[in-house]
Amino acid sequence: DPLFVKDGRPVKFVFHESVRQGRGQITRDVERHGGKIVTQEQRANVLLVDEQVDLAFVRRRYYSSTQLYRLSLYVEPRGFVQACIRDGDYRHVGPAKQGMPGRAPG
């Protein structure tokens, strides 16, 4: 089975503006393993960010966005594609859930 296919559909990746190098190779790797590169964030499942950028900051911006499509995007470093291929597994570690402030219930 192709690696970057979920529920019978290709996983769609989009490049963050910070990714300037390696787009060609990443595109070939994604497509070779069943995924697709798109140009619009609204159509993507995964946003690939350059390793030189503060990933935690970008994730906070997206995971707290008022634009609903951004809330469903996984924000991953550029090397995510290669790591998935190396491990033979496509999966995300979701955004960390933070507890609500105050006393614990009970």
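Residues numbered from 1 in each chain as written. Predicted model: local features only at pLDDT ≥ 70, side-chain atom pairs only at ≥ 80, totals over all residues. Heavy atoms only, no water.

*Asks:* Sorry if this is basic, but what is going on with the overall build of the protein chain here?
*Replies:* Regarding its fold elements, the protein chain presents four helices and six strands. Taken from N to C terminus, the helices and strands of the protein chain fall in the order β-β-β-α-β-β-α-α-β-α. For the protein chain, the share of sequence-separated contacts (at least 6 apart) that also reach a separation of at least 24 residues comes to 67%. Put simply, the protein chain shows about 7,500 Å² of open surface, and 48% of that area lies on carbon and sulfur atoms. (Helix = DSSP H or I, 4+ residues; strand = E, 2+ residues; numbered from the N terminus. Contact = heavy atoms within 4.5 Å. Areas by Shrake-Rupley, 256 points an atom, 1.4 Å probe, with all protein chains shown as cover.)

*Asks:* Can you help me understand the nonpolar core in this one?
*Replies:* Counting residues in each nonpolar core, the largest one holds 14 residues, and the members touching the most others are Phe4, Phe13, Leu48, Val81 and Tyr90. Mapped onto this core, the elements with two or more residues apiece are strand 3 (12-15), helix 1 (23-32), strand 5 (46-49) and helix 4 (80-87). Contacts of Val81, omitting those with residues within four sequence positions, involve Phe4, Phe13, Ile26, Asp29, Val30 and Leu48. Counting nine residues, the second largest nonpolar core, distinct from the first, contains Ala44, Tyr62, Leu73 and Val75. (Core = buried A, V, L, I, M, F, W, Y, C linked by side-chain atoms within 4.5 Å. Buried < 20%, exposed > 50% of the residue type's maximum accessible area, 1.4 Å probe, protein only.)

*Asks:* Help me out: how do you make sense of the side chain of Glu41 in this one?
*Replies:* Position of Glu41 among the secondary structure elements: in the loop between strand 4 (36-37) and strand 5. The exposure class of Glu41 is buried, given its relative accessible area of 17%. For Glu41, the side chain forms a polar contact with the side chain of Arg70, separated by 3.5 Å. Those residues in contact with Glu41 that sit more than four places away from it in its chain are Val14, Leu47, Tyr62, Tyr69, Arg70 and Leu73. (Polar contact = N/O pair within 3.5 Å; in protein donor to acceptor, adjacent residues only side chain to side chain.)

*Asks:* I'm lost on the environment of Asn45 in this one. Help?
*Replies:* With respect to the element layout, Asn45 can be found in the loop between strand 4 and strand 5. It is 7.1 Å that separates the C-alpha atoms of Asn45 and Ser72, two residues lying 27 residues apart in sequence. A distance of 2.7 Å separates a polar side-chain atom of Asn45 from the backbone nitrogen of Lys12.

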